[in-house]
Amino acid sequence: MSTAPAPVPAAVLNVAAYLFTRIDDPAGLRDVLRARAGEAGLKGTILLAAEGVNLFLAGPAGAVRGFVDALRADARFAALQTKESWSDTVPFGKLLVKVKSEIIRMDRPEVRPQDGRAPAVTPATLRRWLDRGTDDEGREVVLVDTRNAFEVDYGTFAGARDWRIERFTQFPDAADSHRDELEGKTVVSFCTGGIRCEKAALHLRAEGLDAYQLEGGILGWFAEQGAAHWDGDCFVFDEREALDPALAARAGS
């Protein structure tokens, strides 16, 4: 009796991570990180700004994790959390390390997550609220998708607000236009990995709304809750195009 061979595990580790933290010399740090990632044979994108770091990297597991561990050894990045997924090939063509005015552009300088985060809800807490239909105090929960419209079209939470924005800089005005949908409710903003919804939640709270961010974003939700309350896939900005709730590249990618 023959048995099928065990599947060969994917060889490439992909990590997504960001951290809002003060960086006094992002240009100097760019040179250091570019050299370190290049020596490790990694590909992907690292964005640096005075407000923090945002990175998407891929390569052999040891090299990727070694790079992240070295970054965390710097006290400014000790709290950096990564989201991991696997692929058969590297989904990036090259390594880019850039300095930007913001690691995620919102054009609202008064929104400063490096000075303090908005409150967050864990995937487990949000799952309990969605299963129940209300938060722990019995209030209606409104999910707000902070991503661009084309990303939302790949998949989103069932019933989430989608304001058809084309870029994140439009989010504050869209939120102001739809304030009546959010007033008096528990608002949870979400995005792919957490970076956009972190700024979004701060803006919403500054406008007097009871807003929270989903800890870890959609990828964190997939890792802990799978497909629960989710319809479709999640667009990612690399050659895989989209991930399913098992964090695998969707069929045909």
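A few points on the structure. (Residues numbered from 1 in each chain as written. Predicted model: local features only at pLDDT ≥ 70, side-chain atom pairs only at ≥ 80, totals over all residues. Heavy atoms only, no water.)

1. A few points about the overall build of the chain
Broken down by element type, the chain carries eight helices and 13 strands. Scaling as 2.2 N^0.38, a compact globule of 253 residues should have a C-alpha radius of gyration of about 18 Å, and the chain matches this with 19 Å. Each principal axis of the C-alpha atoms in the chain carries an extent, and together these give about 60 × 55 × 30 Å. Looking at the 253 residues of the chain, the share that counts as buried comes to 49%. When contacts within the chain are restricted to residue pairs at least 6 apart in sequence, long-range pairs at least 24 apart make up 71% of them. In the form shown here, the chain has an accessible surface area of approximately 11700 Å², with 50% of it arising from carbon and sulfur atoms. (Helix = DSSP H or I, 4+ residues; strand = E, 2+ residues; numbered from the N terminus. Rg over C-alpha atoms; globule rule 2.2 N^0.38 Å. Buried < 20%, exposed > 50% of the residue type's maximum accessible area, 1.4 Å probe, protein only. Contact = heavy atoms within 4.5 Å. Areas by Shrake-Rupley, 256 points an atom, 1.4 Å probe, with all protein chains shown as cover.)

2. Some points on the state of the cysteines
Within the structure shown, the criterion is met by zero disulfides. With no disulfide of its own, Cys234 lies closest to Cys191 among cysteine sulfurs, the gap being 9.2 Å. For Cys234, a relative accessible area of 0% puts it in the buried group. (Disulfide = S-S within 2.5 Å.)

3. Focus on unusual backbone geometry
The phi dihedral of Asp107 falls on the positive side, at around 60 degrees, and the residue is not glycine. In this fold, Asp107 is placed in the loop between β5 (95-99) and β6 (120-121). Looking at Asp107, the relative accessible area reads 39%, which means it is partly exposed. At Glu241, a position not held by glycine, the phi torsion is positive, near 75 degrees. Of note, Glu241 is situated in the loop between β12 (234-235) and β13 (242-243). Here Glu241 falls in the partly exposed class, since its relative accessible area comes to 28%.

4. Remarks on the nonpolar core
In a soluble, globular protein the nonpolar side chains are often hidden away together inside. Counting residues in each nonpolar core, the largest one holds 25 residues, and the members touching the most others are Val144, Trp163, Phe171, Leu182 and Leu204. Every element with two or more residues in this core is listed here: β1 (12-20), β7 (141-145), α5 (171-177) and α7 (195-206). Of all the elements, α7 adds the most residues to this core, at five residues. Those residues in contact with Leu182 that sit more than four places away from it in its chain are Val142, Val144, Trp163, Val187, Leu204 and Leu209. (Core = buried A, V, L, I, M, F, W, Y, C linked by side-chain atoms within 4.5 Å.)

5. Some points on the environment of His178
Mapped onto the fold, His178 is located in the loop between α5 and α6 (179-182). Separated by 15 residues in the primary sequence, His178 and Trp163 place their C-alpha atoms 8.4 Å from one another. Here the side chain of His178 touches Glu181 through a polar contact of 2.6 Å, side chain to side chain. (Polar contact = N/O pair within 3.5 Å; in protein donor to acceptor, adjacent residues only side chain to side chain.)

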